[in-house]
Amino acid sequence: MAEEEKKRIAIFGSTGSIGTQALDVIEANPELFEVEILTAQSNDQLLVQQARKFKPNAVVIADESKYEKVKSELAGTDVKVFGGSTALEEVADFDTYDMMLAGIVGFAGLLPTLKGVEKGKAIALANKETLVVAGDIVMQKALEMRSPIIPVDSEHSAIFQCLVGETRNKIEKVILTASGGPFLGKKPNFLVNVKRDHALQHPNWKMGAKITVDSATLMNKGLEMIEAKWLFNLLPEQIQVIIHSQSVIHSMVQFEDGSIKAQLGLPDMKIPIQYALTFPHRYANDSPRANFRKLGTLTFEEPDTKTFRNLVLATLALEKGGNLPCVLNAANEIAVWAFLNNRIGFLDMTAVVEKTMDKITFIEKPNLAEYFESDGEARNFAASLLNM
Ligand code: NAD
Ligand code: MG
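Parameters and conventions
Residues numbered from 1 in each chain as written. Chains lettered and ligands numbered in written order. Predicted model: local features only at pLDDT ≥ 70, side-chain atom pairs only at ≥ 80, totals over all residues. Heavy atoms only, no water. Phe/Tyr/Trp six-rings, centres within 6.5 Å; stacked < 30°, edge-to-face > 60°. Helix = DSSP H or I, 4+ residues; strand = E, 2+ residues; numbered from the N terminus. Buried < 20%, exposed > 50% of the residue type's maximum accessible area, 1.4 Å probe, protein only. Lys NZ or Arg CZ within 6 Å of the ring centre and 35° of its normal. Pairing = 2+ DSSP bridges. Axes fitted to C-alpha atoms, helices over the stretch in contact; angles between N-to-C directions. 1 Å grid on protein atoms, 1.4 Å probe; cavity = no way out; pocket = protein on both sides within 12 Å on 5 of 7 lines; lining within 4 Å. Points joined across faces, edges and corners; volume = space filled by probe spheres on them. Nonpolar A, V, L, I, M, F, W, Y, C, P; charged D, E, K, R; others polar. Near = heavy atom within 4 Å. Areas by Shrake-Rupley, 256 points an atom, 1.4 Å probe, with all protein chains shown as cover. Right-handed = clockwise from strand over helix to strand, strands pointing away. Parallel < 35°, antiparallel > 145°, perpendicular 65-115°, else oblique. Contact = heavy atoms within 4.5 Å.

Draft legend 1. Spotlight on the packing of aromatic side chains. The tally for this structure, following the rule as stated, stands at eight aromatic pairs. Ring centres 4.9 Å apart and planes at 70 degrees place the aromatic pair F107 and F372 in the edge-to-face group. Note that F107 is positioned in the loop between β5 (99-102) and α5 (110-118) and F372 in helix α17 (residues 368-385), a separation of 265 residues in sequence. Seen in terms of ring centroids, F183 and F190 are 6.1 Å apart; in terms of plane orientation they differ by 55 degrees. Their pairing is tilted. F183 sits in the buried class, given a relative accessible area of 0%. For F190, a relative accessible area of 30% corresponds to the partly exposed category. Chaining the aromatic ring pairs together yields one cluster made of F183, F190, F339 and F346. If you follow K121 out to its NZ or CZ, it ends over the ring of Y97, 4.4 Å from the centre.

As structure tokens, then:
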């Protein structure tokens, strides 16, 4: 491809697990991509290193206190440096990129991602919380602006890939596979003693701390049910979760004739990241290949919702809609933060989410400001529970 045809990528959350793997994909395909924007919360060293290597037009360090440091480190370069979280929206508003990789974790990703959608940019979406919180607003805006939202989350990428060529065919249901996390098969009497470091050991995937804890509590799968609803316009009863501990089948779609399509591969986030960046094309890479002669057995079982009650709470939020998924997400962010800081136990996370969902006033059809209010109220209430 000629230089001017390269896809210009804006990576939001470039220092994270998704962001760094996206940069690996870009580095392996210099003829396809160039980096236009990089953003980070506080890892100034890695951001500077990435900026020197990929020579973006602009970088944002959201933690304002690190701004001067990043600015002076990049003084001899052409890279424009911005500081503070509002700068995330400012750079998302630039004309100079083609695709945003939404790789920020949590509610903080909502506004920059929405800004990208409002600009009509293509979005490679890893930040599932954006859709959990305000899926109706984001998808409506995407439709209006013809902004394609291409999932990066492996399950949703699998479903998306199964749907290629099926535009006129109705989905009967989607089957979201879940690894079950490190505590598959464990009961509350075990989970009550689980500590941070134990929960951070995921059997199949290496990811950021928040999503790793979410995987251990199954909240991640709950968030993914809500994400699937918005991405694929599904009713709650069309979304089924199944435990598949090998993470080889990344998810499945069942059509009206009873036929089921699945997408498979070894667990490697670079594949869905690359597919989102290159869609509708596929390019060769050196990701490890699945060998069915060595894989052995693929297993499936029903999730233990008595033990992993987050799935029940997320199903309730999925069914009731309104601001309830936003409240669930906010309470969960506080609960996971508290668990990671050894403030509460593993099972307390679910209790914090449940109590917060009971407490915050239900709003049937919130606008963006009301989503922000619900998020704030839920965070304050969840935080007030931590000192008990
Ligand atoms: P991470 O913690 O490794 O990285 C998060 C990135 O966001 C970092 O660059 C960080 O600097 C930035 N960030 C964090 N808080 C911020 C804030 N308040 N403001 C601005 N930037 C902020 O997380 P991750 O594992 O890369 O996950 C990113 C998103 O992708 C999450 O929504 C997660 O659910 C989703 N996801 C991740 C994986 C995975 O394999 N890691 C898989 C599927 C989906
Ligand atoms: Mg996933």
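Now, onward.
Draft legend 2. Geometry of the sheet that holds β5. Read from one edge to the other, the open sheet built from seven strands follows the order β4-β3-β2-β1-β5-β6-β7, with strand pairing classed as parallel. Strand pairing shows two members of the sheet lacking a second neighbour, β4 (80-83) and β7 (149-151), which therefore form its edges. Each strand axis lies, on average, 20 degrees off the axis of its neighbour in the sheet, ignoring direction. Examined bridge by bridge, strand β6 (residues 122-125) and β7 share three bridges and lie parallel to one another. Along β7, the bridge assignment pairs L125 with P151.

Draft legend 3. Geometry of the layout of surface pockets. Its volume calculated, the second largest pocket comes out at about 580 Å³. Every residue lining the second largest pocket is counted, 22 residues in all, and those nearest its centre are M139, I149, F160, L231 and F232. Mapped by element, the contributors of at least two residues to the lining of the second largest pocket are α6 (128-145), β7 and α11 (219-232). Among the residues forming the lining of the second largest pocket, the class breakdown is 14 nonpolar, five polar and three charged.

Draft legend 4. Spatial organisation of the site of ligand 1. Around ligand 1, the structure places 22 residues, and the nearest of them are T15, S17, Q41, E129 and G208. Contact with the protein chains hides 86% of the accessible area of ligand 1, taken as 820 Å² for the molecule alone. Residue assignment for the shell around ligand 1 shows that the elements contributing at least two residues are α1 (17-28) and α6. The residue makeup of the shell around ligand 1, split by class, is 10 nonpolar, nine polar and three charged.

Draft legend 5. Layout of the pairing of strand β3 (residues 58-61). In β3, alternate side chains face the same way, and those of A58 and V60 on one face and V59 and I61 on the other are all buried. Pairing analysis gives four bridges linking strand β2 (residues 33-40) to β3, with the strands arranged parallel. Looking at β3, one finds that A40 is bridged to I61. Traced from β2 through helix α2 (residues 44-54) to β3, the parallel crossover comes out right-handed.

Draft legend 6. Representation of unusual backbone geometry in the model. With omega at 5 degrees, the peptide bond leading from F279 into P280 counts as cis. Inspection of the secondary structure puts P280 in the loop between α12 (270-278) and α13 (292-295). In the Ramachandran plot, K55 falls in the positive-phi region, its phi being about 45 degrees despite a non-glycine side chain. On the basis of relative accessibility, which here comes to 61%, the residue K55 falls in the exposed class.

Draft legend 7. The arrangement of the packing of helix α10 (residues 209-217) against α11 in detail. Where α10 meets α11, the closest approach of the two axes is 5 Å, and the angle between their N-to-C directions is 95 degrees. Relative to α11, the element α10 is oriented roughly perpendicular. Residues K210, I211, D214, S215 and T217 of α10 lie in contact with α11, whose contacting residues are M219, N220 and L223.

Read these as geometric descriptors, not functional statements.
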